[in-house]
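# Secondary and tertiary structure notes
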Amino acid sequence: MLASNFFELWSLVGCFKTLEQITREHALGGKWPDLWISIKLTINRESKKSNPALSCLEKLEKLAAPSDPYSEIEAYVFIPIYRHYPKSQEELKRINNRIIELGELVAHEVAYLDKFGEKPWKTNSNSLVLFGEGLAKGSPDKQAKFDFLVRLMQSHQLDEITPYLFSGFIKGVHPEDPDSAQQLQEKTLNILELKPHFVFLLGATPITPWGVKKLNQIACSGEFEAWRFRSLMYTQIHESISDLDLAKILSAINELEEGIFTTLDILDMRLFDTNSREKQPDHILLAVARQTIYKFLSMAKNNNYSQPSLDLISEQCLSITTPATEIIAIIESLCEAVDSFRFHSFELTYIIETLIRNFPELFLDVVFNISKEKTDIMNLLFRDCFPTRRPILNLIPIDRILKWCNGDEERIQTAAAGISCYTPVGGEENDLESPTCVTISEHALGLLSAAKNKIGIAEFIFKDTFIHAMRGSLTHLLEVRAKAFTELLEYPSQEVIEFAGKKLINIKKRIRQEKEIDNRSQQRFE
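Report on the accompanying structure. Here the structure is a predicted model, which means the values were calculated and not measured.

### Some remarks on unusual backbone geometry
- For tyrosine 85, which is not glycine, the phi dihedral falls at a positive 50°.
- Considering the arrangement of structural elements, one finds tyrosine 85 in the loop between helix H5 (69-76) and helix H6 (89-108).
- Even without being a glycine, glutamate 258 presents a positive backbone phi close to 60°.

See the structure below:
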């Protein structure tokens, strides 16, 4: 508690003498690493301004600094590097090199490790990777030293360990003897405590064909939980694996419990910035990506996982070259997921947008057929989509929608149920919630013109006036849309004009009601 609040106690409260006394009594020579780091951070902040107490603070830092290898290991190895707040790449490099040197030192003085008890196997710090590298570099017989480390770790009888030190050790062995590093990786499959971390430990070195084969084997075996494969997300690991091999591995992961989430995370990193790569993703990998999206849409919603990022994956695997049969299956699965309330449409916005951009007529065909039995599907897909409320169906040019309708009244009315009937004016395309000015959209006017039942389309325009406001004033939104709605008073159809006149009375009544609510709320606030 004191170490984490040292800056405030020193700079804001001014407890100079008390903090100096505590440092001298409890933190000399690196006995309290967290306090030493807090003092360094305070110096870094205070040096940016004139402070007469800075010289005293610098003296305290020297008193609290590590004074021997043991205290240095406590300060640098068991505390993540970022907490040292290195001010430059040179300082970062110096810290990294010192951690490796400490590992080399301990390789010759293994008694140091005994002093730290469980820390080397329980601490969640990447510094242990560098420390492990040093241990490997300083060990003449690396296989024997690895076995010693395993026995030392096992002597503590831990239920779960962190594998960073072993990862660093294998990484340190690899430059001099890649075959020996591979032997150590294979050995971990026979060590109870290390076996669950095999995928992570495999990533300590460039993945070879042997490593790819092992990954496929363990993914197919079902012995490992799906999340154990998440380390394949890291660029230096998955880029060593071909698209075809990765497709096989991901297909196997998909069959594991909750494996879909791991696969989506790996694919998101794999497909990142593909435009800058010489070779585009193989069609087999993209087919696995589509299969994963289909499985994701078909599964029961899992609240234990955050919503996966689907932007890049959708963009890459739902391209215009995708077979129509696969696209139809995905659209049908998407509609079923929304209709059954496993997902809200706003959670699937990017998938829907990508499908509509690349397959507008096919999307409309599928949704139109589904709407015959599930009459609320258009509303669920395109209107009940808070908090985004983006006019997704309006992404299809009105000419293409009208061509798809081909004069069919049922299709015209179905399309009208999904479009946004208003569009902002003046560069506010993405702001339908609090625009300063709107007009009736060209999609609404186009469908109104094509429809025989014009009142049906006008009814959609009227209903769209009353969209809920997620931010700002509902009164303002209604006033803006009411002004746009008056455009129908000049429409070249008497029945539309009469309809608009009657409905405008309702809109104005609602505006008066909302103003009264606003006034009462303001009075309560005051």
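### Considerations on the pattern of salt bridges
- Taken as a whole and assessed by the stated rule, the structure comprises 22 salt bridges.
- Two residues, lysine 187 and aspartate 147, come together in a salt bridge whose shortest N-O distance is 3.0 Å. Taken together, the residues span a long stretch of sequence, with lysine 187 in helix H12 (residues 178-188) and aspartate 147 in helix H10 (residues 142-154) at a distance of 40 residues.
- Classification of lysine 187 as partly exposed rests on a relative accessible area of 25%.
- The salt bridge involving glutamate 225 is made with arginine 228; its shortest N-O contact spans 3.3 Å.
- By relative accessible area, which is 40% here, glutamate 225 ends up partly exposed.
- What emerges from the salt-bridge pattern is a single network uniting Glu72, Arg98 and Glu101.

### Quick notes on the packing of aromatic side chains
- Evaluated as defined, the whole model comprises 17 aromatic pairs.
- On the numbers, 5.0 Å between centres and 65° between planes, the contact of phenylalanine 78 with phenylalanine 116 is edge-to-face. Here phenylalanine 116 lies in the loop between helix H7 (111-115) and helix H8 (119-122) and phenylalanine 78 lies in the loop between H5 and H6, a separation of 38 residues in the sequence. Accessibility assignment for this pair places phenylalanine 78 and phenylalanine 116 in one class, buried.
- Joined through ring pairs, the aromatic side chains of Trp121, Phe146, Phe166 and Phe169 make up one cluster.
- If you follow lysine 40 out to its NZ or CZ, it ends over the ring of tryptophan 36, 4.2 Å from the centre.

Quick notes on the rules
- Along each chain, numbering runs from 1 in the same order as the chain's sequence is written.
- Residues qualify for local features only when their pLDDT is at least 70, as the model is predicted, and side-chain atom pairs are given and counted only at 80 or more; totals for whole chains, interfaces and linings, by contrast, use all residues.
- The basis for every side-chain value is the complete set of heavy atoms in the structure, and neither hydrogens nor water enter the calculation.
- Each helix is a run of H or I in the DSSP string that is no shorter than four residues. Each strand is a run of E no shorter than two, and both are numbered from the N terminus.
- For this document, the term salt bridge refers to a Lys or Arg side-chain nitrogen within 4 Å of an Asp or Glu carboxyl oxygen.
- Relative accessible area decides the class of each residue, using a 1.4 Å probe on protein chains only: under 20% of the type maximum gives buried, over 50% gives exposed, and in between gives partly exposed.
- Put simply, two rings from Phe, Tyr or Trp (the six-membered ring, in Trp's case) pair if the centres are within 6.5 Å, and we call them stacked under 30 degrees between planes, edge-to-face over 60, tilted for the rest.
- For a Lys NZ or an Arg CZ to count as sitting over a ring, it must be within 6 Å of the ring centre and within 35 degrees of the ring normal.

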